[in-house]
Amino acid sequence: MTCAGVMRILLIEDDPMIGNSLAKALRDLGMSVDWVTDGLDGEEALAAGEHTLVLLNLGLPGKQGLQLLRAIRTGGCRVPIIIITARDELDGRVASLDLGADDYLAKPFAVRELVARMNAVLRRQSGLARSIMEAGDMTLDLDTHEVSYRGTRIVLPAREFALMRALMERPGTILSRAQLEERLYGWGEEVESNAVEVLIHSVRKKLDREVIRNVRGAGWMVVKAGS
Amino acid sequence: MTSLRRTALLWTTAMLSIVGIAGAAVSYRLASDEAKAFLDSQLRQIALNAGDAVSDTAVSPPSQHDREDDFSVEIWNGAGKTLHASRPVVYIPRRSQAGFADVHAAGEDWRVYTSIDGARTVQVAHREVVRREIAQHAAISAAIPILVVIPLAWLLIGWALGRFLGRLTTVARAIAERSLDSKDPIPLEGVPKEVSPLVVGMNSLIERLHHALDQQRRFVSDAAHELRTPLTALCLQIENLQHEFGQGVTGACLTELERGTRRASALVDQLLRMARYDASREVAVAEPVDLPELLKSCLADQVPIAESKGVDLGITTMESVYILGAGSELKNLFANLIDNAVRYTPSGGAVDVSIGPCGERAVVEIADTGCGIPRDLLPRVFDRFFRAAPPDIEGNGLGLSIVKAIADRHGLEIELGPRDGGGLVATVSGVRISASVRIPNSLLSFGHHSLDDARRLSANTGGEARRTKKESAEPKADLLSVIVARNPSHVKC
C-alpha cells in the first residue's frame, strides 16, 4: 500500500480538517506533502514542477478546481492529477476527465483507496499500465505471467494465466462459464465439461480461495479494488 | 363559494324583469288612455250625427251582438219631449250642460256626451264597464309582447354566460392538467381580457413556487454535499487514529466510530439520490437495458459482502430480456433490493435472483430467507425513513423509497410479499422491449408519454430483434417487463 521512494504530493484542498488529516495520513505513509488551500497558490506551487502527483479539490476559493485543471493542462503540464470532490454527479466526473484529470474520487473516501488510485495512476503514467493488471490486492504481470497476491508471487501456466487475465480485465464483473471457455479455448477445440473448474481450483490452491469468487448460477469474478 | 354565473344571471334577470314590467305598465297605461280617448271621440261623433233612427227590430238582421256593448242614444226636442230613444231604453236623465260627463244611472256607470243646439238635445251614453273592457284589451295587447320577451331574454343571457364561462373552464382544465414539472407559464391566448390578470397572477405564483421547490430540492442536495466534507475529515481523522492507536480497547472504539461514519456516509449518499429523483419525475435518457447483465453486475458488487456474511447469493433462472430505461437508475433499483435481501438474511441463508420474460412483461425476482416483513407493515415500506426491519440491523429507511421512486419513473411495478417458508420476495415488473430497437433521439428524453411511444415502437420492430449466439432463443420479443423477486423458484407468471 505504501509507495516506494519519496513521492512529493501537492494537495490542493480548502477545508482545513481534511487538508490536515489527509496530509498527516500521507506523510505517515512516507510521502512528502505540500498543502495549499486555494487555486492560485496551487498554480504557483505547480509552476516549480517538483511534484509527482496532484490531489485537487474541485470546490476551491480563488480559482475553481475545473478552471485550475484546464489552466494546468493547457499550460502543457503533464503531472498526474486526481480529483477529490464532494460532488459526484456524472457530468462533473466526465468534465474533469475530459479536461485531463487522471482519476476522480468522491468524498468521503478511505486513505487506502486513495493510495491505491494514486499508485495506479503513477503506474499508468510510467508506462507500466500495459504490462500490469490490478484487481484488489492482486496484480498480474502480462509479460512475465507472474501473479502476486498478499506477498505470494508465482508464475502461472498459460491456461491459468489466460483465465486470470480474462477475469482481471474487468474486475467486479461476473463471467459465465461460456464466456470463460470462449476466452480460454480456440474455435473447434474440445473443451472438457469441468475444464474451467479445474483451472480455477488450481489457481485458488496456489494463492487463496478468495482470489476467485463464485457466484451461484452466474459465473466467476475477481473483486475490484476498494470493495 | 360565490358563483359568478349565478350572481350575473340573478342581477341581469332581475334588472331586465323590472325594466320589462315597468315598460309593460307604461304601455298598458298609454294604450288604455288611447282607447278611452278614441271611445270618447266616437261618443261625440254619434251625438253630432244622430237623427231620427230606423227601428232596430224592423230592418236589421238579428245578430249575436251583445246589446250591453251598444251605445244608448236619446234625442229630445226643445220642449223636453223624447224624439228618439235607442233600444232597450235606458233612462239616463237629460243633462242641461253640453259635453262629456260620468253619470250613474240605472244602477250602472255611464260615460255620457251631451250636445245641445237650441231645438234638440242629443245625449249618447256608453257603459263604463264596456269602455273599461275595451281599453283593457288594447292595453294588454300592447303590454304582452314585452312580458313575453323577458323570459326569452333570461334564456339568452343564461346561454351567453354559459358560453363565456365555458372559456374559463377550458383555462381551468389546462391548469389542472399541467405536470408538476412543467415550468412553462399558462398561455394567455384565448383567455378573456378580464380574466387574464388572474392567469398572469397565477403564472407569477407558479414561477415563485417552482423557485421555492427548486430551492428546497437544492437545499437537500447542497446539504448532503456539504455534509460530505466534514464526514471525509472525520473518516480521515479516524483512520489516522487507527494508524496510531489501532490496538486494544481504543482500537475497538475506533472501529465502532468508523462504522458510524460509514453509516452517515451511506445516508448522505441515499439522501442525494432521493433529492436527484425528486428533482424530476421523468427519466432523462432511456435506452434498452439488458437485465441479466445488469443483475449480474449488481450481484457482483454484493458478492464480497454476502460472502463475508455467509449468505449464499446466486441466480436461479436467467433468460435474456430487455427493458427500456436509464441503466444507472435501474442498477440502483436492483442493487438496493439485493442489498436489502443480503442485509436482512442471516448467516447460512440464501438470496436467489431470477430474471426472465413472462408474456409481454419482463420478470425479475429477488427472494431471500431473511426475517421478512410483517404483512401489516408492507403498505408502509416505501415511505421515507420507515423501517420494518429489526432495529439491530443497520439501515436508514430510504432504500425502498428510492427503489419506488425509480420504479415510478420507469413505469415499473414493484411488489413485496412473503416467501413460502419464510423470507421476502420482491417483484418488479414492467414492459419488455426487443434488444435491437433503435430509439429515435426525439424519444430519448422522455416522460411517461414518450416511454410509451418507445415501447410501441419496439413492439412494432420486435420481430427483427437480433440475438447474440449465447442468448436463449425466445419467442418474438415484443414488449418489456421486469420482475424482481426473492424466491428460489422460477419466475412466477
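Residues numbered from 1 in each chain as written. Chains lettered and ligands numbered in written order. Predicted model: local features only at pLDDT ≥ 70, side-chain atom pairs only at ≥ 80, totals over all residues.

### Here we look at the overall build of chain B
No. 1: What chain B contains, in helices and strands, is ten helices and 13 strands.
No. 2: Evaluated residue by residue, chain B yields a buried proportion of 33% over its 493 residues.
No. 3: Partitioning the intrachain contacts of chain B with sequence separation of at least 6 by distance along the chain shows that 72% fall at a separation of at least 24. (Helix = DSSP H or I, 4+ residues; strand = E, 2+ residues; numbered from the N terminus. Buried ≥ 20, exposed ≤ 12 C-beta atoms within 10 Å, placed from the backbone. Contact = placed C-beta atoms within 7 Å.)

### A look at the packing of helix α6 (residues 158–169) of chain A against helix α7 (residues 177–184) of chain A
All names here are of chain A.
No. 1: At a closest axis distance of 9 Å, the pairing of α6 and α7 adopts a crossing angle of 130°. By the angle class used here, α6 and α7 are oblique. The interaxial crossing formed by α6 with α7 has right-handed handedness. Contacts between α6 and α7 pair Arg159, Ala162, Leu163 and Ala166 from the former with Leu180, Arg183 and Leu184 from the latter.
No. 2: When the residues that make up the contact of α6 with α7 are grouped by side-chain class, the tally is five nonpolar, no polar and two charged. (Axes fitted to C-alpha atoms, helices over the stretch in contact; angles between N-to-C directions. Parallel < 35°, antiparallel > 145°, perpendicular 65-115°, else oblique. Left-handed = near helix turned anticlockwise from the far one by under 90°. Nonpolar A, V, L, I, M, F, W, Y, C, P; charged D, E, K, R; others polar.)

### Remarks on the nonpolar core
No. 1: Counting 120 residues, the largest nonpolar core has Met221 of chain A together with Leu291, Leu299 and Ile338 of chain B as the members making the most contacts within it.
No. 2: Those residues in contact with Leu299 of chain B that sit more than four places away from it in its chain are Ile174, Val215 and Ala218 of chain A together with Leu313, Ile315, Ile338 and Val353 of chain B.
No. 3: Formed by eleven residues, the second largest nonpolar core is a distinct cluster that contains Ile75, Val112, Val122 and Ala125 of chain B. (Core = buried A, V, L, I, M, F, W, Y, C linked by C-beta atoms within 7 Å.)

### Description of the sheet that holds strand β1 (residues 8–12) of chain A
All names here are of chain A.
No. 1: Here five strands make up an open sheet; going across it, the order is β2-β1-β3-β4-β5 and the pairing parallel. Looking along the sheet, the strands with just one partner apiece sit at the ends: β2 (32–36) and β5 (103–106). Adjacent strand axes in the sheet meet at a mean angle of 20°, parallel and antiparallel pairs treated alike.
No. 2: When β1 meets strand β3 (residues 53–57), the two strands line up parallel, connected through four bridges. Looking at the pairing, Ile9 lines up with Leu53 of β3. (Pairing = 2+ DSSP bridges.)

### So, the sheet that holds strand β8 (residues 146–149) of chain A
Residue and element names in this part refer to chain A.
No. 1: Overall, antiparallel pairing links the four strands, which are arranged β6-β7-β8-β9 in an open sheet. Taken across any chain shown, the strands that pair with only one partner, and hence form the sheet edges, are β6 (132–135) and β9 (152–155). Averaged over all neighbouring strand pairs, the angle between strand axes comes to 15°, with direction disregarded.
No. 2: As paired elements, β8 and β9 share four bridges and run antiparallel to each other. Within β9, the residue paired with Glu146 across the bridge is Val155.

### Brief notes about the confidence of the model for chain B
Residue and element names in this part refer to chain B.
No. 1: Chain-level statistics for chain B give a pLDDT mean of 81 and a share of 84% at 70 or above.
No. 2: Highest mean pLDDT in chain B belongs to strand β10 (residues 361–368) (94); lowest belongs to strand β13 (residues 479–480) (36).
No. 3: The low-confidence segment residues 440–449, where pLDDT is below 50, has 15 contacts with residues more than four positions distant or belonging to other chains.
No. 4: Long-range and interchain partners of residues 461–492, a stretch whose pLDDT sits below 50, account for 115 contacts in this model, where long-range means more than four residues apart. (pLDDT = per-residue confidence, 0-100.)

### Digging into the interface of chain B and chain A
Note: interface size is frequently given as the accessible area lost on complex formation between the parts.
No. 1: Across the boundary between the two partners, chain B contributes 29 residues, which contact 27 residues of chain A.
No. 2: Elements represented by at least two residues in the side of chain B that touches chain A include exactly α4 (196–245), α6 (291–309) and β7 (312–318) of chain B.
No. 3: With 13 residues, the single largest contributor to the side of chain B that touches chain A is α4 of chain B.
No. 4: When the residues that make up the side of chain B that touches chain A are grouped by side-chain class, the tally is twelve nonpolar, ten polar and seven charged.

### Comments concerning helix α1 (residues 4–49) of chain B
All names here are of chain B.
No. 1: With 46 residues, α1 extends 67 Å between its outermost C-alpha atoms, agreeing within 8% with the 68 Å of an ideal straight helix rising 1.5 Å per residue.
No. 2: Looking at α1, one finds that the buried residues are Ala24, Tyr28, Ser32, Ala35, Leu43 and Ala47.
No. 3: Against the buried residues of α1 lie β4 (108–116), β5 (120–127) and α3 (128–176). (Expected span 1.5 Å × (residues − 1).)

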